[in-house]
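Residues per chain are reported as follows:
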Amino acid sequence: MAKKNLQRLDLIFKNEQDGEQILTKTFKRSNQDIVNDLIISGLKGRGGAGYPTGLKWKLASEAEGDFKYVICNADEGEPGTFKDREILSQVPVKVLIGMAVCAKVIGAHEGYIYLRGEYKFLVEPLTEIIDDFHVLLNKIGFDFRVKIFLGSGAYICGEESALFESMEGHRGEPRNKPPFPTQAGYRKMPTVINNVETLAHTYSIFKYGPDKFKDLGVQDSRGSKVFSVSGDTPIPGIYELEFGMSLQKFVEDFGDGDAKAVQVGGASGFCVPRKKFENTKIGYQGKLTGVSLPTGGSMMIFNSSRSMYNVLHNYLEFFVEESCGQCTPCRVGTQQLLLGIEAVKKGEKSSEYLEKLLGLAENMRVTAKCGLGQSVANSFSSIVENFKEEMIY
Amino acid sequence: MSKINLTIDHIQVSVDKGATILEAAKKLNIKIPTLCYHEDLCVAGNCRVCVVEQMGSDRLVPSCATPASEGMEILTNSLKVRNARKSVIELLVSEHRAECTRCYKNGVCELQHLSSEYLIGEDGLIDLVALKNYTIDYFSPSIIKDDSKCIRCQRCVRSCDQLQNIGALSVAYKGEKMKIASFFEKPMYEVVCTNCGQCVNRCPTGALIERNYIDEVWSAINNPQKHLVVQTAPAVRIALGEALGMESGNIVTGRMVAALRRLGFDSVLDTDFTADLTIIEEGNELLQRLKGALVDKDPEVKLPMTTSCSPGWIKYIEHMYPQLLPNVSTAKSPQQMFGALVKTYYANKIKVDPEDIVSVSIMPCTAKKYEANRPEMHSSGYKDVDLVLTTRELARMIEQAGIDFKALENEEFDSFMGVSSGAAVIFGATGGVMEAALRTAYEIVTGREVPFDGLNITPVRGMDEVKEAAIKIENPLPEWSFLDGVELKTCVAHGLANAKKVMDSVVNGKAQYHFIEIMACPGGCLGGGGQPIPTNMEIRKRRTEAIYREDEGMPIRKSHENPEVVKLYEEFLKKPLGHKSHELLHTTYTPRNRY
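The structure presented is a predicted model; accordingly, all values stated were derived computationally and were not measured. (Residues numbered from 1 in each chain as written. Chains lettered and ligands numbered in written order. Predicted model: local features only at pLDDT ≥ 70, side-chain atom pairs only at ≥ 80, totals over all residues. Heavy atoms only, no water.)

## Focus: the pairing of strand S11 (residues 227-232) of chain B
All names here are of chain B.
For step 1, the next point in the chain: Summarising burial for S11: six of the six residues are buried, a large majority.
For step 2, the next point in the chain: In S11, alternate side chains face the same way, and those of His227, Val229 and Gln231 on one face and Leu228, Val230 and Thr232 on the other are all buried.
For step 3, the next point in the chain: With six bridges joining them, S11 and strand S14 (residues 357-363) adopt parallel strand pairing. Bridge pairing in S14 links Gln231 to Ser361.
For step 4, the next point in the chain: Direction of pairing for S11 relative to strand S12 (residues 267-270): parallel, over a ladder of four bridges. If you follow Thr232 over to S12, its bridge partner there is Asp270.
For step 5, the next point in the chain: In this view, the connection linking S11 to its parallel neighbour S12 by way of helix H7 (residues 253-263) has right-handed handedness. (Buried < 20%, exposed > 50% of the residue type's maximum accessible area, 1.4 Å probe, protein only. Helix = DSSP H or I, 4+ residues; strand = E, 2+ residues; numbered from the N terminus. Pairing = 2+ DSSP bridges. Right-handed = clockwise from strand over helix to strand, strands pointing away.)

## What to know about the domain arrangement of chain A
Residues and elements named next belong to chain A.
For step 1, the next point in the chain: Domains assigned within chain A are domain 1 (19-214), domain 2 (216-303) and domain 3 (308-392).
For step 2, the next point in the chain: In this structure, domain 2 and domain 3 have C-alpha centres spaced 23 Å apart.
For step 3, the next point in the chain: Summing both sides of the interface, domain 2 and domain 3 together bury roughly 1000 Å²; the carbon and sulfur share of this comes to 62%.
For step 4, the next point in the chain: Looking only at domain 2, the three residues that lose the most surface to domain 3 are Lys260, Ala267 and Cys271, adding up to 44% of its buried area.
For step 5, the next point in the chain: For the interface between domain 2 and domain 3, the tally reads one salt bridge.
For step 6, the next point in the chain: The closest approach of N and O atoms between Glu390 and Lys260, which form a salt bridge, is 2.7 Å.
For step 7, the next point in the chain: Run the count over domain 2 and domain 3 and you get six residue pairs in polar contact (both at pLDDT 80 or more).
For step 8, the next point in the chain: Sorting the residues of the side of domain 2 that touches domain 3 by element identifies strand S9 (259-264), strand S10 (270-273) and strand S13 (298-303) as the ones contributing at least two each.
For step 9, the next point in the chain: The class makeup of the residues in the side of domain 2 that touches domain 3 is seven nonpolar, three polar and three charged. (Domains from an automatic or database assignment. Buried area = accessible area lost by both parts, 1.4 Å probe. Salt bridge = Lys/Arg side-chain N within 4 Å of Asp/Glu carboxyl O. Polar contact = N/O pair within 3.5 Å; in protein donor to acceptor, adjacent residues only side chain to side chain. Nonpolar A, V, L, I, M, F, W, Y, C, P; charged D, E, K, R; others polar.)

## Here's the deal with the nonpolar core
Residues and elements named next belong to chain A.
For step 1, the next point in the chain: Ranked by size, the top nonpolar core spans 58 residues in total, and within it Met308, Phe380, Ile383 and Met391 carry the most contacts.
For step 2, the next point in the chain: The element contributing the most residues to this core is helix H11 (residues 308-322), with eight residues.
For step 3, the next point in the chain: If near-sequence neighbours (up to four positions away) are discounted, Ile383 is found in contact with Gln263, Cys271, Met308, Val311, Leu312, Tyr315, Lys388 and Met391. (Core = buried A, V, L, I, M, F, W, Y, C linked by side-chain atoms within 4.5 Å. Contact = heavy atoms within 4.5 Å.)

## Considering the domain arrangement of chain B
Size of an interface: often given as the accessible area lost when the parts come together.
All names here are of chain B.
For step 1, the next point in the chain: Annotation of chain B at the domain level lists domain 1 (3-77), domain 2 (92-210) and domain 3 (212-595).
For step 2, the next point in the chain: Computed over C-alpha atoms, the centres of domain 1 and domain 2 are 26 Å apart.
For step 3, the next point in the chain: Contact residues are listed per partner, giving 14 residues for domain 1 and 17 residues for domain 2.
For step 4, the next point in the chain: Carbon and sulfur atoms supply 58% of the area that domain 1 and domain 2 bury against each other, a total of about 1200 Å² over both sides.
For step 5, the next point in the chain: Run the count over domain 1 and domain 2 and you get one salt bridge.
For step 6, the next point in the chain: For the salt bridge of Asp40 with Arg202, the shortest nitrogen-to-oxygen distance reads 2.7 Å.
For step 7, the next point in the chain: For the side of domain 1 that touches domain 2, the per-class residue count stands at nine nonpolar, three polar and two charged.

## Examining the UniProt feature "domain: 4Fe-4S His(Cys)3-ligated-type" (unreviewed entry) in chain B
For step 1, the next point in the chain: Residues annotated in UniProt with the feature "domain: 4Fe-4S His(Cys)3-ligated-type" (unreviewed entry) correspond here to residues 80-119 of chain B.
For step 2, the next point in the chain: The span residues 80-119 of chain B shows a helical share of 57% and a strand share of 0%, and its end C-alpha atoms are spaced 16 Å apart. (UniProt positions renumbered as here; feature names shortened; annotations may be inferred.)

## Here's the deal with the interface of chain A and chain B
For step 1, the next point in the chain: Facing 34 residues of chain A, the contacting portion of chain B comprises 39 residues.
For step 2, the next point in the chain: Both faces combined, the contact of chain A with chain B buries some 2900 Å², and carbon together with sulfur accounts for 54% of it.
For step 3, the next point in the chain: Remark: the boundary between chain A and chain B carries four salt bridges.
For step 4, the next point in the chain: Notably, a salt bridge pairs Arg331 of chain A with Glu95 of chain B, separated by 2.5 Å at the nearest N-O pair.
For step 5, the next point in the chain: The tally of links from chain A across to chain B stands at 22 residue pairs in polar contact (both at pLDDT 80 or more).
For step 6, the next point in the chain: Listing elements by their share of the side of chain A that touches chain B, those giving two or more residues are H11, helix H12 (328-346) and helix H13 (353-367) of chain A.
For step 7, the next point in the chain: When residues in the side of chain A that touches chain B are grouped by element, the largest group, ten residues, is from H12 of chain A.
For step 8, the next point in the chain: Partitioned by chemical class, the residues of the side of chain A that touches chain B number 13 nonpolar, twelve polar and nine charged.

## Observations concerning the packing of aromatic side chains
For step 1, the next point in the chain: The full count for this structure, using the stated rule, is 21 aromatic pairs over all chains.
For step 2, the next point in the chain: Look at Phe243 of chain A and Tyr284 of chain A: their rings are 5.2 Å apart centre to centre, the planes differ by 55°, and that puts the pair in the tilted class. Of this pair, Phe243 of chain A sits in the loop between strand S8 (237-242) and helix H10 (247-254) while Tyr284 of chain A sits in the loop between strand S11 (281-282) and strand S12 (292-293), placing them 41 residues apart in sequence. Both residues of the pair, Phe243 of chain A and Tyr284 of chain A, belong to the buried class.
For step 3, the next point in the chain: Pairwise contacts between aromatic rings join Phe273, Tyr345, Phe416 and Phe572 of chain B into one cluster.
For step 4, the next point in the chain: Lying over the aromatic face of Phe227 of chain A, Lys225 of chain A brings its terminal NZ or CZ to 5.9 Å of the ring centre. (Phe/Tyr/Trp six-rings, centres within 6.5 Å; stacked < 30°, edge-to-face > 60°. Lys NZ or Arg CZ within 6 Å of the ring centre and 35° of its normal.)

## Side note on helix H15 (residues 496-507) of chain B
Residues and elements named next belong to chain B.
For step 1, the next point in the chain: Taking 1.5 Å per residue as the helical rise, H15 with its twelve residues ought to reach 16 Å, and the 16 Å between its terminal C-alpha atoms agrees with that figure.
For step 2, the next point in the chain: Every buried residue of H15 is accounted for by Leu496, Ala497, Asn498, Ala499, Val502, Met503, Ser505 and Val506.
For step 3, the next point in the chain: For H15, the secondary structure elements touched by its buried residues are helix H4 (155-163), strand S13 (305-306), helix H9 (311-320), strand S16 (466-472), strand S17 (487-494) and strand S18 (515-519).
For step 4, the next point in the chain: A positive phi of about 80° marks Gly509, the residue just after H15. (Expected span 1.5 Å × (residues − 1).)

## Comments concerning the side chain of Asp147 of chain B
Residue and element names in this part refer to chain B.
For step 1, the next point in the chain: Within the fold, Asp147 resides in the loop between strand S7 (143-146) and H4.
For step 2, the next point in the chain: By relative accessible area, Asp147 is classed as buried at 7%.
For step 3, the next point in the chain: At a separation of 3.4 Å, a polar atom in the side chain of Asp147 contacts the side chain of Lys179.
For step 4, the next point in the chain: With residues up to four places along the chain from it excluded, the contact list for Asp147 reads Tyr134, Thr135, Arg152, Lys179 and Ile180.

Here's what the structure looks like:
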């Protein structure tokens, strides 16, 4: 079923053959100019946390260390997200260019692509492209090498400091912060770690300039975003859209006409019920954008045939298994939430127990060590609060 | 150093750059509860009990892991903090088998304290323990590991890794299955665990405890057929008071003897006696090895020689450096020498059938329990040491017996095997065996006292990780003329992480020592796994001071001047390293797997 008038963009996936030219051009510019462009563009991390990319590069360039590293986070593990796989399959050179320019800016000579273990099939084609890219780097005389590091399947290793631990041969467990990666990341050295999509966007900024990028999107959310659309939609797949779209418009374009909720940002994101579609925008949280939801790009649509209890149960099972187990709120809290909703559903606990669980979720949000434990409350609270009757009956 | 100014609970405080919020709060005498934090260990920041509110930040921050920064405003007891902290404690209680009244750690469990402080009630969360298949590992004679009481704070993991560099315990699995496990979840007695008990000493709950033999000892005491002999290790007398409501650093030797007598032991003797004996045997072994290596050039004679008193160290080297076992002194530890003598020489002396003797030892150590159970420790024809109690277990027995420890009058050890020297007392501190050995060996060789003021060989004392000292031998007695001009090189290490450094340098040939003292525990036996809880550097330093105070106060300072030891050789052993000695006082070692 063909949909009409999708507000699609074609920036990221546009197959451009001018990599060498853009790289050469950008390398002639000063580090400060490059960083300034990134800051002006308003580019923020596309992995979900939304840290300003230009600032990250700036901090790492100012940090002192015997070595510095650039790492591309391709441990795409958020349920319902599959965009990085496509970017690395279709336009890997854009990502590599972003890494090389970052290396120049911060003074790194080694880069890594931390590739999700399940994306092993990408190792071979990527290696070929990296080899070619190294030839190009030799040509312009820049000493920088990119290697692929294959993950082993733990969701938590997508968290940047757990990712470093994993690369260093340790258990994939998040570190205490501070220090942040720009101060002490991989091997405790200043490190820039960017999402695949973020790096691909830097290419567009180098090519078209920051203003063009900034023209897209709204106030605090600039540029475009690649979305992984799944669930009850006739057209699941990867779509590049401008930031600032309302969920109403989104379900009109992508839903099956019966959407009752959209899960924005995967299992660790927020659930928006139908009545809030109109007033919710897709974008980073900011003062001027009103109710807006950040996302790594996962958009799951649920129609009225779906049980939101089952949806939440599924997410919680995921967290119970994928918590690293290190910190109390995440390890025990996830188990309690899962068992708790089961007990309420079975009638073993009264419906008031949900209030206790909501309080627990909030405490997990403020006490957990890393983003995983902190964000469990997002889906839990938004689903339980909006679909309470489905949790009980 | 630059200073950081911040406020905690609206009170100004200034701390050094790099200090954590927890340290800053301590400065203000504000107590922030902690669980995974331990002063001896690196910061983990994983229990989240110590979270505090940082003004301007939506999320709470862990005070143990967050450095103070300029202008920070911290609240340690806001409603938000209290709710979150209570929630974290409630979660921990829900995954902990909270059958407190039946737990060995009842009353001294840190989780129990917090649960009581934060009024964790009945109507809490779902009990997770009931849903999991937990097993209790009670196969080791030293340590019991009960996963159902584990709260995953990883203090044990960090103790084993950081202090001991062993990694017998590590984190396995993730999510709900995450647990602290040995290699392939084998029982503790099958893996590289040295039984040192540093994990036991730092476990906040009852997940890791010493295997206690209190009831067995009570049964034996109350059996009229049995003659109960007890020996007490040097490090017990300077720490026992801590477990009975006294400050650290108190010497309670006389009270301890009085208490043991009241408990019903027939004979209260002293491991220090065999510590002196160890020095004679081990010192002579060292001199014999030096002769074998320097004069006879015998390739079978191995140098450097290492000490053998610490059973944690013995198990460690059996696992980690089996090729160096010929370097370990064959002398048994004082505990085992004592055991072997009690059921032979002593039994004969007091005319009691060794079969009817129950030999009990009080040790600062959990590894001593394992040592007493080694198959080779039956040289008397019986189990040489029947039951081993830690300092903590003895304190518990004293409490059970209703003895007001502080009010006891000092009493003296029984004789025979109750007299000792200051050299034996310092066995309890790192460097002590070395110092005691040097006091004796130097005098045997030269006929003169060691050239140190007041016999205090200070270079081998103190908390430095690895200590080195060299003594040049000049004008020796004629029979030791081959040692003339030889610089005797010694090395002392405490804690197995430091032992590893020393042994690696021996293996790669970088170190040229003659004699090495290794104690498995930080600070030596005074920091042993069986000592009162808590431990930290400050406490260990106070215990150390007490030990050297005790040494200074002894009328005899040198092992070879212990009159009972002299008499033992005259009456029974005849000479050091003689036939009887080899039969009773020396042992062999077993190479073990490295996992």
